[in-house]
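# Secondary and tertiary structure notes
Residues per chain are reported as follows:
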Amino acid sequence: RLFVGSSAASDVYKRQFQGNVVCMNAQNGRLVWNAKVDAVTGPVADGRLVYEVDDASRIHAFNRQNGREAWVNESFLYRSASAPIRVGTSLAFGDYEGNITFLDPATGTPVARTKLSGAVTTPAAQYGYGAVFQTVEGDVAYVVEGADSE
């Protein structure tokens, strides 16, 4: 399961006003952990990690339990990365050139890439076994795992 901004478990993940990512206990509102990052997207969580994009388009993964950074991918600096989303067993995001890049969610290593007709700046929407991405020109694409290799 994938959670955007919050989880169905006992913790809630949010981006703070100053850009930090925080985990709060949903039952009592207490702060569980705070990760210092200049976050620009809402956090997205799966069973193990919380993913966030910072103001330089670095993609960060934090341990859900303690907030420690599991990995950071700096390969997409200043590409206006969209919020990441789980697509199958991969983590996918779009960029200003229309690339949809798939990462291994455990390591942040790119595993595949496909290209759309224009910039992708908005978060994708989960749909079925894939995700729907929209370009700034209004083109819509349904993307599933197994996109063309890099």
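Residues numbered from 1 in each chain as written. Predicted model: local features only at pLDDT ≥ 70, side-chain atom pairs only at ≥ 80, totals over all residues. Heavy atoms only, no water.

### Digging into the packing of aromatic side chains
Taken as a whole and judged by the stated rule, the model has five aromatic pairs. Relative to W33, the ring of Y13 has its centre 6.0 Å away and its plane inclined at 45 degrees; by these criteria the two rings are tilted. Placement of the pair is Y13 in strand β2 (residues 11-15) and W33 in strand β4 (residues 31-35), with a sequence separation of 20 residues. For Y13, a relative accessible area of 1% corresponds to the buried category. Overall, the relative accessible area of 5% leaves W33 in the buried class. (Phe/Tyr/Trp six-rings, centres within 6.5 Å; stacked < 30°, edge-to-face > 60°. Helix = DSSP H or I, 4+ residues; strand = E, 2+ residues; numbered from the N terminus. Buried < 20%, exposed > 50% of the residue type's maximum accessible area, 1.4 Å probe, protein only.)

### Some points on the pattern of salt bridges
With the rule as written, the count across this model stands at five salt bridges. In this structure, R86 and D46 form a salt bridge, with 2.4 Å as the shortest nitrogen-oxygen distance. Residue R86 is found in strand β9 (residues 85-87), and its partner D46 is found in the loop between β5 (44-45) and β6 (49-53); the two are separated by 40 residues along the sequence. The residues R86 and D46 share a single accessibility class, namely buried. We note a salt bridge from R58 to D54, for which the minimum N-O separation is 3.4 Å. Owing to a relative accessible area of 25%, R58 belongs among the partly exposed residues under this scheme. Within the structure, one salt-bridge network assembled from shared partners comprises D54, R58 and E74. (Salt bridge = Lys/Arg side-chain N within 4 Å of Asp/Glu carboxyl O.)

### Here we look at the sheet that holds strand β14 (residues 130-134)
An order of β13-β14-β15 is seen for the three strands of this open sheet, with the pairing classed as antiparallel. Looking at strand neighbours, the two that pair on one side only are β13 (125-127) and β15 (140-144), the edges of this open sheet. On average, adjacent strands in this sheet sit at an angle of 35 degrees to one another, irrespective of strand direction. Summarising the sheet, β14 and β15 pair through five bridges and their orientation is antiparallel. Following the sheet pairing, Q134 is matched in β15 by V140. (Pairing = 2+ DSSP bridges. Axes fitted to C-alpha atoms, helices over the stretch in contact; angles between N-to-C directions.)

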